[in-house]
Every structure is written in structure tokens, then in C-alpha cells.
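One letter stands for each residue in the lines below.
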Amino acid sequence: MGLFRSCLYLSVFYMLQGSNASLVQLAHNGYEDIIVAINPLVLEDEKLIQQIKDMVTTASTYLFEATEKRFFFRKVSILIPENWTNNTQYKRPRHESYQHADILVAPPTHPGRDEPYTRHFKDCGEKGKYIHLTPDFVLGKKTAEYGPSGKVLVHEWAHLRWGVFDEYNEDEPFYAATSTKVEATRCPAGITGQNRVLHCSGGSCVKKLCRVDPQTKLYEKDCQFFPNKVQTETASIMFMQSIDSVTKFCNAKNHNGEAPNLQNKKCNFKSTWEVISSSEDFNVTTPNATSLQPPIFSLLKITERIMCLVLDKSGSMSSAFRLDRLNQAGKYFLLQIIEEGSWVAIVPFDSGATVVSELTQITSINDREKLVKELPTSAGGGTSICSGIRAAFQEIRKKFQGTSGSEIVLMTDGEDTTVASCMDEVKQSEAIVHVIALGPSANELIIEMAKMTGGIHQFSTDNAQSNGLIDAFEALASDNTDLSKKALQLESKGLTLTGDLWMNGTVVIDSTVGKETFFLVTWNKAAPQISLWDPNGKQMGKFTEDTKSKMAHFTIPGTAMVGTWTYSLKGTTNSEVLTITVTSQASDPSVPPITVTTKMNADTNSFPSPMIVYAEVQQGFLPVLGATVTAFIESASGNVQTLELLDNGAGADSLKNDGVYSRYFTAYTEKGRYSLKVRARGGENTVTRSLGHPSNKALYIPGWVVDGKIEENPPRPEINADNQTRLEDFSRTATGDAFVISNPAPPNAPDMYPPNQITDLDAQSNEDQITLTWTAPGDDFDVGKVERYVIRISGSLLDLRDNFDNALQVNTSELLPSEANTKETFAFKPGNAADENATYIYIAMQSVDKSNLTSKVSNVAQVPLFVPQADPGPDDSPENPQNPGGNSHSSGVNISTLVLSVVGAVALVSIILSTTICVLKKRKNANRPRTGF
């Protein structure tokens, strides 16, 4: 168990670092710069590399045919762990890292669960984060359960690249169709098979017929769909690409719009091919009828970092305490963040540049302290960014053969009209340039430099209390570092003292961290009095002061005590700015720490498009639920907007309880750069949940129907997806890449933001009443309160979906909207809403804000008006030769039909008897004499 937890811990790290920063390019129909990264804990095996090549090559051909000869894989890099044996074929990575990985080969989430999946938490049509494949899957050991690896990779690539969803649903594996039969959730509906309950024990399995649950009116919980091995359908890859005949995606003609799968729910009932056909990739290409060439592979091996700090010390750095803050952040980075074994040089620049510290490999604290002493302490002169970059390149070439794969950290505050002169050199260098812009005047072209080279872009204002510069340097931690050796930021905050000279607070240290816990305090004018107490109230020793850099720090010996630590800072004067930063490392290499990563949905934007904030909170692969997650978004002028992020599956949050907390951000009123910081706190209701099945993955096949008989696959380990583990209190902060607003909202702009679409509408029937539940939208997306709701119903799904405004409207005069993100409930009686031939009542709704802007039509909820038919009864056994398929389209008498037949027969006999008696009475009366009046 300990080894597994250790593997889980480290494998997760490589999948969670950074935002989705794929380097994939589409050129002449071929995808280039795809990165397949092998996790360091995967045992060294050259067969794995060859199997990756074979998988991608097969997938390329399958993808080419599935997309009507449009797309294929041209160039693929395989990222090999540093702990694997060196090989002359292996080269040093250039821009490639685990942050940029598109496909990760890593241990499974749970032992024995080798399901391939794609981490995707955005809307339909938007790119995912990464594909996760296990070594056993890549090595071909799971073909029976998931299908050939190349075909599965195409299934996952569609998730990753085009943002389509699965066409099955393990949470709703069956549904009551308009044909009045219970059907397996699939696309197209022509895929045939048997619906059976399979009970396995002691190496033998017993198959039983599925029964209808009287509560759900669907099949009982353990019922499974076993597809026929031989099919005639050619679609669909997003349902079950493992079927031999399947070579295409479902299109508008064969799409199953009734199935309650995520593709229908998230993509407004569009088929997967319709979504793919509307993608940017599709719109910039045409079918390619030329012969398909196999992919070109590059083998790249992770090595130690080579980094030059290119630091601005021009005259403008002497204002707003910028040089002091640079020294504080630089010292913090060199002492705490940069990894052991890294090579580091320091190159300050103004009108020119000088190498003040040659490349030094960090192997001890002495190496770190020597580098700290070379940080610039005086400012003056002009700004020549290219001089600094060229000097850095020259220094790297002295020690190494070239600059490919090296890193430049460019920190600057000034404008420089000559930056364009070295853009080509930077591109040709194959180095990575990370940019930290300080203040509002840094040249905008450097953003393009970071983007072009695969570097990060950070931004810090002159508002020192935001602690932005220290956060920016903290974000430079390597994506390739063992998480157990990485400093995780627990706290980052600041305060400007006005009147009250005290800055007091607490920091929670949970049991997953506590090693090398580091407290850093900074100031602008004079050193404050600093006190720190452990959870038992014991005061810690004195902080080490550096009056020159205006900072003090303290490291807790050994492993810090779990609990709430209290600090107290007393300043000496008003207008003093104090900040505190706390970092800590994992306490136990076998236990994954809680981590937070954050990002925006775009790096550039303009009014009126909304931004979306994402924060991913996890422990290992498991999502952390119930945390309090707050985003702080700061503009160039220092204006800070605060947003509470939610994991409720509504508004900007695509999926509920997946550990990704989201929210719309529309309050951008200034042009220029914005920074993002997120604080996550655990509390009484914070838990992890066993994620039994990720939302986008290849379908596990329980078995196949061959010649009318089920041949079952080995059962996979069962996991309770709802199992929750209570977490301790914890605190984390994370910094996201900066983003730029090119065109903010003009003054007095009209309301451009409608309520967000309702995506979780649910309907339940109780006798003659239907009860609806949903999450309330806001006046502006997910903020505020709407004015009213419009609810419409129909007996036809297509009519409601395509002609919502003409459908029958429900009276909602008594429905008063609540604040956004609260739960709404409304009950109504449908009356004769549907025509006599309808089998369902379909319900959808819109919301309207005070400006009379309407939301998109919600997801469609449905209530059946019938008891669906089950599979053939006991007399028609699964192995009955007269019913070899046993599928939902087979003929046969079921229990419901038998009951209805008996009732009908009894009714018919009663009618005949009643009619006969009536006729006889009339004849008898006719023979009686009539009486006159």
C-alpha cells in the first residue's frame, strides 16, 4: 500500500502542474509538437517506447480515416524521465516539459483501474487538459477491456482537441425511449447487444435478465449492456471505438438525441461530428487525399535545469521600492524555490548587460548564498532587454553546447522599443523565456516572447501588499520536479498599516505538509517585531533578518506540528507595507499533499466576452470537495476584484464535484495586464471523493456477445464513487499566469451580460405533479438575481429544442427567483400538456434579467408518461436459440406485455357479457305489453 501511495503521489504531480499549455500545432492537416510524457515512476522499459510509437502510428491512420482524410499525427516527442538510463538516441528537451504534455503515461488512479481518460473540465468544443494512459494499457494488456490502443487514443484525442463528450453514461446506463422500451445509452441506437445482470463469484459467473426498478422505471442497478461482437454499424467512436466495424463519429443523421449522455447534455444535442466540424481545426483545413506518412518521433530525456536570471536594474527600478522587492523575491527564489542540481547565472541589465554570476550548479546552501549576494542593489540607466538576453545566451554557450532547452527568467519594469530586434534570436535559440512584468509600463512584446517559447507570463503591480512579485517568482518552480521536494505555498498576503500597526493572522499546516516549513516577512521601511506561535501556544525562535533586503525568515526545524500557527507583526510607522509568505514541503513521500493550480480560460480578452477563472484542488488524483476557494484578480492600477469560486456544476462550472472550482469574471474595467491568485481553505465540510469513473474516458467493456452467448471480460476492481474521506483543515495559495484585456468595457456601457444557461434542470413526477429543481443563475451570468423564469413543455423533444418560443408555457407567476447559485424548486401540474401520442413530457427553461436579456435555453429534462417494456421474460432465456441476440430490438413477450394482454382479455370478456345481458333484457322488455297514459 505504501508503494502504491508513493506512486500515486508522484504520478499525480506530473499531471497537475501548470495550466493546459499544449504546444500542439496544426500544419497542412498534420498535428505537430505533440508531447507524450512518461512518468518517472514507470519502470524503465524500452518496449514501452516502441509501444507508444506503434500506438500513435496506428492512431494516426485511424484518425485520418475517421475524419474523412483530414487529420493525422505528424510530429511527436516522447519525454523520458531523468531517472531512466541515458541513450545516444535521447536528446535534451527544448520547450517540452510535463506542463505541456498532451498524453501522460503514468500509474493508474486506483490499482487495476487502467481506464484511459482525458482531464477535461470546460464546455463543449473547448480543449481538454491532458490524456492519461497507464503503462499496462500502452503495452497492450488491456485490449479486451478497452479495445486496441490506437483506436482508444483517437477516442481520447477527440475529447482533448475538440471538446466532445462520451456517448455512453455510466451514471445513467439506460433510459426509457419513445419506443416505450428500455434502451442502453449509446450512439447510434443501432448498436445491438444484450442487457443482463452478471454476478461473478469464485471464478464463475451467473447471468440474469434485467428487471425494471419500480421507482426509477428503468433497469435495476447491476444491469449492464453487453454489445454483440459482430456489428454492422460504422459509428460511433465516442461510444465504443473498440467495436471492429466502428470507424466513424456519430453525425446528424445517425445521432441518438434521446440518450442521456454528456454529449447531448453538454453540446445541445449535437452529434460529435457536428462539434468536430465546427472546430477551428476543421475550418482551416481541407480533406487531404495524398498518401499518409507515418509520424516522426523524437526521444527527449529530462535533465537538470539551466537558467539565467535576466534582471532589470534600469533607473525606473529605483521607484516604488521596486529594487527592494526584486531583491526580496530573488532571494526567496534562490533560497527556497530553485531545485537542487540546477545551473543558475545572474545577468542584470540597464542600457547594457553584465554577467555578475557565471553559471553555478546548486549543490549546497553555500551555492545559494553566493548567488544571493550577486542580486542587483543599485539602479540607473536605460532599458535594453535584448542586451540582457544576448548576454545570457553567451553565458550558457560557455558551459554547454547550445541554448536549446535552457531557461531565461526576464524580470523588467520598463518600456523598450528595441525588443523586436532580438525576437528572431530568441526563437532560433530554442530557449524558454519566462516573463515577469513589474508595474504598468513593461513592454507588451515580451508577452509574445513568452508565448512563442513556451514560457510563463507573470505580472506584479506596484501594490506591494499584494505580494505579487514574490508570488511570480514562486510560480517559476519546475514542472519536472519531484513534488515531495517542492515548496508548496500555504500563505501569501500583505497589509498596509494605517492607524493600527499590527498585522496578525494564522496559517494552517495540515498533515500532508510540514517539512522545511519556511516563513518569510518583508517590509518597506523598518523591520517589524515578529512573533510566531505553534498550535500549542509555544513561541518560536527569532527570525533571521536581512536589513539590506528588508526581509526576515524562519524555518521550522524538522516537521512542523499539525494545526493552526499564529503570527503577529508589529510595524513601527503608518503607511508601512508588510507581507508574509509561508511555504512547506510534503511531510511523507508516500502521502500526496493537497495541491491547488489555477488558470484563466484565455490569456487575452476584450469586452464583452467574459473570462472564466479555474482552480483545481486535489489530493493526488482525488478531487477535494467542499473547500472555500477565493480568487483575487488585480489590475495594473492595483484594483483587486474578489470572487468566490464554486464546484456546483452550474454557471461557469462545467462538472459538479470534480475538484475544479470556477466562476465568470466580467468586472474588467481597465486595459492592460491582470494578475491572478487563488486561496483555498479546507474546513468542516471538506472531503475527498473516490472518483470511480472520470467523466471523459474510454468505455470499459464488461464482455461481448458471441454467437448469442456472453463472453465476459475480467471484472475490474469496484470503487465506490461516492465514498468520501474527511480532510483536515488546510490552507494553500496558487498563482496563475497573467492575462491581458485589450478592450475593456466603455463608460456607461449597456448591459451585455445575460443570465448564465441553466445546465442542471431536473424533473421528477409524483402522481399528477412535476417537480423541477435547478441552480439559480444570476443577472450577469452567475452574479446577482434574475427577474423571472420562462418554463415551457412539449410532448416532442425536437419541437421543444428547436422551437422553444412556440412551446406551451407554464404559469410561473408565483415563482420568485433567488440569488445566483442557490437551489431552486418549482412544482406544477402539466394537465393536458402533451398530445395523446406523447410518451414523454419534455421541459426546458430560460431566465430573463432586468435588462430583458435572456439566457440560453436550459438542458432538457423529461418525465415518462408510461412504464417502459423490459427485456424478454424468463421463458425467453438469454441462451434461447430462437432469440440469439437477446438485444433490446429482439422480438419476445415481456412481463408488461403479458399483464396488459391479460387485463385486455378480461376487459373484452366483460364487455361481451355486459352487451349480451343488455340485449337479452331489451328483447324481454320488447315482448311485454305497453301501458297507455
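Residues numbered from 1 in each chain as written. Predicted model: local features only at pLDDT ≥ 70, side-chain atom pairs only at ≥ 80, totals over all residues. Heavy atoms only, no water.

Participant: Describe the overall build of the protein, with residues and values.
Facilitator: In terms of regular secondary structure, the protein is built from 17 helices and 48 strands. When burial is assessed residue by residue, the protein has 56% of its 933 residues classed as buried. Sequence separation of 24 or more characterises 76% of the internal contacts of the protein that already satisfy a separation of 6 or more. Total accessible area on the protein is roughly 39,000 Å²; 49% of this is exposed by carbon and sulfur atoms. (Helix = DSSP H or I, 4+ residues; strand = E, 2+ residues; numbered from the N terminus. Buried < 20%, exposed > 50% of the residue type's maximum accessible area, 1.4 Å probe, protein only. Contact = heavy atoms within 4.5 Å. Areas by Shrake-Rupley, 256 points an atom, 1.4 Å probe, with all protein chains shown as cover.)

Participant: Any details on helix 2 (residues 46–66)? Residues and values, ideally.
Facilitator: Between the first and last C-alpha of helix 2 there are 30 Å, a value that for 21 residues agrees with the 30 Å anticipated at 1.5 Å per step. Within the span of helix 2, buried status applies to Leu-48, Ile-49, Ile-52, Met-55, Val-56, Ala-59, Ser-60, Tyr-62, Leu-63, Phe-64 and Ala-66. Of the residues that open helix 2, the one with a side-chain oxygen 2.9 Å from the backbone nitrogen of Lys-47 is Asp-45. Remark: Glu-68 follows helix 2 within two positions and exhibits a positive phi of approximately 60 degrees. (Expected span 1.5 Å × (residues − 1). Polar contact = N/O pair within 3.5 Å; in protein donor to acceptor, adjacent residues only side chain to side chain.)

Participant: Can you tell me about the packing of aromatic side chains, naming the residues and giving the values?
Facilitator: A complete count under the given rule lists 28 aromatic pairs for this structure. Taking the centre distance of 6.0 Å and the plane angle of 65 degrees together, the rings of Tyr-146 and Tyr-700 count as edge-to-face. Residue Tyr-146 is found in helix 4 (residues 143–146), and its partner Tyr-700 is found in the loop between strand 37 (687–689) and strand 38 (703–706); the two are separated by 554 residues along the sequence. Neither Tyr-146 nor Tyr-700 differs from the other in exposure class; each is buried. Here the aromatic cluster, defined as three or more aromatic residues joined through ring pairs, consists of Tyr-31, Phe-71, Phe-73, Trp-157, Trp-162, Phe-249, Trp-273 and Phe-282. The ring of Trp-704 has Lys-229 lying over it, and the distance from NZ or CZ to the ring centre is 4.2 Å. The ring of Phe-804 is capped by Arg-792, whose NZ or CZ atom sits 5.6 Å from the centre of that ring. (Phe/Tyr/Trp six-rings, centres within 6.5 Å; stacked < 30°, edge-to-face > 60°. Lys NZ or Arg CZ within 6 Å of the ring centre and 35° of its normal.)

Participant: Give a description of the sheet that holds strand 12 (residues 204–209) that names residues and reports values.
Facilitator: Taken together, the 3 strands give an open sheet; going across it, the order is 12-11-13, and neighbouring strands pair in antiparallel fashion. Looking at which strands have only one partner, the edges of the open sheet turn out to be strand 12 and strand 13 (223–227). Strand-to-strand twist of the sheet, defined as the mean angle between neighbouring strand axes without regard to direction, takes the value 50 degrees. Note that strand 11 (residues 193–201) and strand 12 share 6 bridges and pair antiparallel. Looking across to strand 12, one finds that Cys-200 is bridged to Cys-205. (Pairing = 2+ DSSP bridges. Axes fitted to C-alpha atoms, helices over the stretch in contact; angles between N-to-C directions.)

Participant: Which residues make up the state of the cysteines, and what values go with them?
Facilitator: With the rule as written, the count across this model stands at 4 disulfides. Residue pairing for Cys-187: its cysteine sulfur links by disulfide to Cys-250, the two sulfurs lying 2.4 Å apart. On the sign convention where negative is left-handed, the bridge of Cys-187 and Cys-250, at about -120 degrees about the S-S bond, is left-handed. With Cys-187 in the loop between strand 10 (182–184) and strand 11 and Cys-250 in the loop between helix 6 (237–240) and helix 7 (262–266), the pair connects residues that are 63 residues apart, well separated along the chain. (Disulfide = S-S within 2.5 Å.)

Participant: Can you lay out helix 14 (residues 445–453) for me, pointing to particular residues and giving the numbers?
Facilitator: At 3.6 residues per turn, the α-helix brings residues three or four places apart onto the same side. Buried within helix 14 we find Ile-446, Ile-447, Met-449, Ala-450 and Thr-453. End-on view of helix 14: buried residues confined to an arc of 155 degrees, all on one side of the axis. Backbone geometry just after helix 14 places Gly-454 at a positive phi near 80 degrees. (Arc of directions from axis to C-beta.)

Participant: Before we move on, can you summarise the confidence of the model for the protein with the specific residues and values?
Facilitator: Per-residue pLDDT for the protein has a mean of 88; in total, 89% of the residues score no lower than 70. For the stretch residues 1–20, pLDDT sits under 50, and the model shows 74 contacts to residues farther than four places along the chain or on other chains. Within the model, pLDDT remains below 50 along residues 873–933, and this stretch shows 54 contacts once partners closer than five positions in the same chain are excluded. (pLDDT = per-residue confidence, 0-100.)

Participant: Hey, could you go over the environment of Val-344 for me, with residue numbers and the actual values?
Facilitator: Turning to its location among the elements, Val-344 is positioned in strand 16 (residues 343–349). Put simply, Val-344 and Gln-361 are 17 residues apart on the chain and 6.4 Å apart in space, counted from C-alpha to C-alpha.

Participant: Describe in detail the sheet that holds strand 46 (residues 823–828), supporting the description with residues and values.
Facilitator: As summarised here, the arrangement of the 3 strands in space is 42-43-46, forming an open sheet in which the pairing is antiparallel. At either margin of the open sheet sits one strand with a lone partner, and together these are strand 42 (762–766) and strand 46. Adjacent strand axes in the sheet meet at a mean angle of 20 degrees when their direction is disregarded. Across 6 bridges, the pairing between strand 43 (residues 769–775) and strand 46 is antiparallel. Residue pairing across strands places Leu-772 opposite Phe-826, the latter belonging to strand 46.

Participant: Explain the packing of helix 2 against helix 5 (residues 149–162) residue by residue, including any values.
Facilitator: What describes two packed helices is the angle between their axes and the distance between those same axes. Interhelical geometry of helix 2 versus helix 5 gives an angle of 70 degrees and a closest axis separation of 8 Å. In terms of orientation, helix 2 lies roughly perpendicular with respect to helix 5. You can see that helix 2 and helix 5 cross each other, and the crossing is right-handed. In contact with Met-55, Val-56, Thr-58, Ala-59, Tyr-62 and Leu-63 of helix 2, helix 5 contributes Ser-149, Gly-150, Lys-151, Leu-153, Val-154, Trp-157 and Trp-162. Broken down by class, the residue content of the contact of helix 2 with helix 5 amounts to 9 nonpolar, 3 polar and 1 charged. (Parallel < 35°, antiparallel > 145°, perpendicular 65-115°, else oblique. Left-handed = near helix turned anticlockwise from the far one by under 90°. Nonpolar A, V, L, I, M, F, W, Y, C, P; charged D, E, K, R; others polar.)

Participant: Pulling in residues and values, what's your account of the pattern of salt bridges?
Facilitator: Under the criterion given, the structure shown has 34 salt bridges. With a shortest N-O distance of 2.5 Å, Lys-331 and Asp-546 are connected by a salt bridge. Here Lys-331 is found in helix 10 (residues 322–337), whereas its partner Asp-546 is found in strand 25 (residues 544–546), with 215 residues between them in sequence. Taking relative accessible area as the criterion, Lys-331 reaches 10% and is therefore assigned buried. Notably, a salt bridge pairs Asp-510 with Arg-732, separated by 2.9 Å at the nearest N-O pair. Here Asp-510 is found in the loop between strand 22 (502–509) and strand 23 (513–522), whereas its partner Arg-732 is found in strand 41 (residues 731–743), with 222 residues between them in sequence. Among the residues examined, Asp-510 registers a relative accessible area of 1% and is labelled buried. Each member of the salt-bridge network shares a partner with another, and the members are Arg-113, Glu-115, Glu-170 and Lys-697. (Salt bridge = Lys/Arg side-chain N within 4 Å of Asp/Glu carboxyl O.)

Participant: Could you give me a rundown of the packing of helix 10 against helix 11 (residues 365–372), with the residues and numbers involved?
Facilitator: Put simply, helix 10 and helix 11 touch, their axes get as near as 9 Å, and they point 170 degrees apart. On the basis of their axis angle, the class for helix 10 and helix 11 is roughly antiparallel. Considering only the axes of helix 10 and helix 11, their crossing is right-handed. In this structure, helix 10 uses Lys-331, Leu-334 and Leu-335 to contact helix 11, whose residues at the interface are Ile-365, Arg-368, Glu-369, Leu-371 and Val-372.

Participant: Go over the nonpolar core with me, naming the residues and quoting the values.
Facilitator: Ranked by internal contacts, the top residues of the largest apolar core, which has 68 residues, are Tyr-31, Ile-52, Phe-73, Trp-157, Trp-162 and Phe-249. If you look at the next biggest cluster of nonpolar residues, it comprises 35 residues, including Ile-594, Ala-631, Phe-739 and Tyr-753. (Core = buried A, V, L, I, M, F, W, Y, C linked by side-chain atoms within 4.5 Å.)

Participant: Residue-level account of the pairing of strand 42, with values.
Facilitator: Alignment of strand 42 against strand 43, held across 5 bridges, turns out to be antiparallel. Its bridge partner lying in strand 43, Asp-762 is registered against Thr-773. The hairpin formed by strand 42 and strand 43 contains 2 residues between the paired strands, and Glu-767 there has a positive phi angle of roughly 60 degrees.

Participant: Tell me about the environment of Ser-242, residues and numbers included.
Facilitator: If you trace the backbone, Ser-242 turns up in the loop between helix 6 and helix 7. The class for Ser-242 is buried, based on a relative accessible area of 5%. For the pair formed by Ser-242 and Glu-145, sequence separation is 97 residues and the distance between their alpha carbons is 8.9 Å. Non-local contacts of Ser-242, meaning those with residues more than four positions away in its chain, are made with Tyr-146, Gly-147, Lys-151, Ile-701 and Trp-704.

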